[in-house]
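Below are the chains, spelled out letter by letter.
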Amino acid sequence: MELATHGAMPDGGVTRLALSEADIDARRLIARWAESLQAEVLADDAGNCFIRYAGRDPELPPVMAGSHIDTVPGGGKFDGAYGVVAALEVIEAMQQAGVRPKRSVEAVIWTNEEGARFSPGQMGAAAFAGTRSVDEILCVKDRDGVRVRDVLPRMLAALPKARMRSLGVPITAFFEAHIEQGPELEAHATQIGVVTGIQGRRSFIVTVLGEAAHGGTARQSERKDALLGAVRIIGALEASVLENESDARLTIGTFSLEPNAPLVVPGCVRFSVDLRHPENATMKRLGDLVPAICARHRGACAVEVVENANAPCAYFGEPMMQFIEAAVDRLQLSRRRIFSLAGHDSREIVKIAPTGMIFVPCKRGLSHSALEEAEPHDLAAGARVLAEVVIAACDA
Ligand code: HGY
Ligand code: MN
Ligand code: MN
């Protein structure tokens, strides 16, 4: 709740975009919490932050647990933030119980999971996993032309006691607790979701280039109206991509037009296409349709399609799921396996270390909304499962 005050919106939602003042203030707050936990704060060149509780053998690769604290505009209090706070709770519980595990525990804040300001997301986790270069992510610009490299130093300067560490240190395992962001656990009155994997995602930026013209005089037949072109393309995307594909998800999340004036025929329209599907072959087929559909329905305009993310389904594997299930059973909580339709930093970390996710229910499955809600007893149950798996992995 205290974290949610950073970026709080009047409607109860949270807008805490990556590397914004709210994000920086939130990290300052977590660094203060770290001090009271007698834990050390570390950071890397991608802005990922680690709150480290040293183990008996500090040389062993740490067990990491965490998530992200950046949100979408008008997001909720729990998406991401829950996983970071739960990881801090694990450290606090160990510290208060006087438990010093064999391996160190690091609570992690991955930078820019949402990609709402600097796209695509999962930026910090991808840099840690080595799947995206730091140089590349530092050049990414937001819609005002501000680059990651222009704001990252401010965030690091806000953590003066943070010890810089190289990217991608070896880790024993990574665990992410997260709200489900879907209705399944609530519908089945189940306390814990043991996540089997994460559905695939492809995203594109489409630019429709027409010609600005006088809205009153330009002949309809001679217009290169970028808006009408974009509307035709989006209509065709919806018809082609979603037909007979009930598991497909298509989101046109950003849309801008120029010059955006009532009396001017729009000369340029830019919009995002976010496509998801739980099967890789179908994901590939549907994603490959996007450029063809844009070309076919562009009319008199030109169209440019740039694919800026192409992530196949990720799977956490049987051993990890059984490892988490054993912990849930020790705590005598109800559980079910669940496939994540939302993307997470774990998608990147599973490429380099044993990784598992723990879901807890959220009200009506709502997320990326001010209406996002979760019950304290569910959040606590998830944090206890996280503590169980972290301590088990520490002492394995
Ligand atoms: O988009 C997603 O699925 C995640 O919330 N970033
Ligand atoms: Mn999230
Ligand atoms: Mn999210």
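Residues numbered from 1 in each chain as written. Chains lettered and ligands numbered in written order. Predicted model: local features only at pLDDT ≥ 70, side-chain atom pairs only at ≥ 80, totals over all residues. Heavy atoms only, no water.

1. A word on the coordination of the manganese ion (ligand 2)
Protein-derived ligands of the manganese ion (ligand 2) are H68 (NE2), D79 (OD) and H178 (NE2), with the metal-ligand distances lying across 2.1 to 2.3 Å. Here the donor residues for the manganese ion (ligand 2) map to a single chain with the spacing H-x10-D-x98-H. Separation of the manganese ion (ligand 2) from the manganese ion (ligand 3) amounts to 3.6 Å, with D79 serving as a shared donor to the pair. Taken as a pair, H68 in the loop between β3 (63–67) and α2 (81–97) and D79 in the loop between β3 and α2 lie far apart in primary sequence, 11 residues in all. Pair check on accessibility: H68 and D79 agree, each one buried. (Donors = N, O, S within 2.8 Å, 3.2 Å for Na, K, Ca; no water. Helix = DSSP H or I, 4+ residues; strand = E, 2+ residues; numbered from the N terminus. Buried < 20%, exposed > 50% of the residue type's maximum accessible area, 1.4 Å probe, protein only.)

2. Brief notes about the domain arrangement of the protein chain
By a widely used convention, the size of an interface equals the accessible area lost when the partners come together. Looking at the protein chain, the domain boundaries give domain 1 (3–199 + 313–394) and domain 2 (200–311). Between domain 1 and domain 2, the C-alpha centre-to-centre distance is 33 Å. At the junction of the two partners, domain 1 supplies 12 residues and domain 2 supplies 13 residues. Of the roughly 830 Å² buried between domain 1 and domain 2 on both sides combined, carbon and sulfur atoms contribute 46%. (Domains from an automatic or database assignment. Contact = heavy atoms within 4.5 Å. Buried area = accessible area lost by both parts, 1.4 Å probe.)

3. Side note on the packing of aromatic side chains
For the structure on display, the rule yields 7 aromatic pairs. Considering the side-chain rings of F175 and F323, the 6.2 Å spacing of their centres and the 15° angle between planes classify their relative orientation as stacked. A residue pair is termed long-range when its members are at least 10 positions apart, and F175 in strand β6 (residues 173–179) and F323 in helix α9 (residues 318–330) qualify at 148 residues. Taken together through their ring pairs, the aromatic side chains of F50, W110, F128 and F174 make up a single cluster. When the ring centre of Y53 is taken as reference, the NZ or CZ atom of R100 above it lies at 4.3 Å. (Phe/Tyr/Trp six-rings, centres within 6.5 Å; stacked < 30°, edge-to-face > 60°. Lys NZ or Arg CZ within 6 Å of the ring centre and 35° of its normal.)

4. Looking at the state of the cysteines
The tally for this structure, following the rule as stated, stands at 0 disulfides. For the unlinked cysteine C268, the closest cysteine sulfur is that of C301, found at 9.5 Å. (Disulfide = S-S within 2.5 Å.)

5. A short note on the nonpolar core
As a rule of thumb, soluble globular proteins bury nonpolar side chains together. Counting residues in each nonpolar core, the largest one holds 73 residues, and the members touching the most others are I51, F175, I192, L386 and V390. Discounting residues that sit within four places of it in the chain, I51 has contacts with I30, A34, A39, E40, V41, L88, I91, V105, E106 and A107. One finds V273, L275, V290 and C294 within the second-largest nonpolar core, a separate group that totals 20 residues. (Core = buried A, V, L, I, M, F, W, Y, C linked by side-chain atoms within 4.5 Å.)

6. Focus: the pattern of salt bridges
In this structure the tally under the stated criterion is 26 salt bridges. For R202, the salt bridge identified is with E307, shortest N-O distance 2.6 Å. Residue R202 is located in strand β8 (residues 200–209), and its partner E307 is located in strand β14 (residues 302–311); the two are separated by 105 residues in the primary sequence. E375 is the partner of K363 in a salt bridge, and the nearest nitrogen-oxygen pair spans 3.7 Å. Here K363, found in the loop between β17 (355–360) and α11 (376–395), pairs with E375, found in the loop between β17 and α11; they are 12 residues apart in sequence, far enough to count as distant. (Salt bridge = Lys/Arg side-chain N within 4 Å of Asp/Glu carboxyl O.)

7. Some words on the pairing of strand β7 (residues 192–198)
In terms of burial, β7 is largely enclosed, as 7 of its 7 residues are buried. Strand direction decides the pairing type here: β7 and strand β16 (residues 335–340), joined by 6 bridges, are parallel. Across the sheet, the residue bridging to V195 is I338, located in β16. Across 2 bridges, the pairing between β7 and β17 is antiparallel. (Pairing = 2+ DSSP bridges.)

8. Observations concerning the side chain of R165
Along the chain, R165 turns up in the loop between β5 (163–164) and β6. By relative accessible area, R165 is classed as buried at 13%. Among all residues touching R165, those that are not within four sequence positions of it are L42, A43, D44, D45, F50, R52, M64 and E106.

9. Quick notes on helix α7 (residues 226–242)
Three- or four-residue spacings in an α-helix give side chains the same orientation, since the helix completes a turn every 3.6 residues. Between its first and last C-alpha, α7 extends 24 Å over 17 residues, near the 24 Å set by a 1.5 Å rise per residue. Of the residues that open α7, the one with a side-chain oxygen 2.9 Å from the backbone nitrogen of L227 is D225. Downstream of α7 by one or two residues, N244 has phi in the positive range, about 55°. (Expected span 1.5 Å × (residues − 1). Polar contact = N/O pair within 3.5 Å; in protein donor to acceptor, adjacent residues only side chain to side chain.)

10. Some thoughts on the environment of T251
Along the polypeptide, T251 turns up in strand β10 (residues 249–251). Classification of T251 by relative accessible area gives partly exposed; the value is 42%. Put simply, T251 and R276 are 25 residues apart on the chain and 8.9 Å apart in space, counted from C-alpha to C-alpha. Residues within four places of T251 in sequence aside, it is in contact with S272, V273 and D274.

11. Remarks on the packing of α9 against α11
Where α9 meets α11, the closest approach of the two axes is 9 Å, and the angle between their N-to-C directions is 120°. For the element pair α9 / α11, the angle class is oblique. Relative to α11, α9 is oriented so that their crossing is right-handed. Between α9 and α11, the contacting residues are F323, I324, A327, V328 and R330 on the first element and V385, E388, V389, A392 and A393 on the second. Classifying every residue of the contact of α9 with α11 by side-chain character gives 8 nonpolar, no polar and 2 charged. (Axes fitted to C-alpha atoms, helices over the stretch in contact; angles between N-to-C directions. Parallel < 35°, antiparallel > 145°, perpendicular 65-115°, else oblique. Left-handed = near helix turned anticlockwise from the far one by under 90°. Nonpolar A, V, L, I, M, F, W, Y, C, P; charged D, E, K, R; others polar.)

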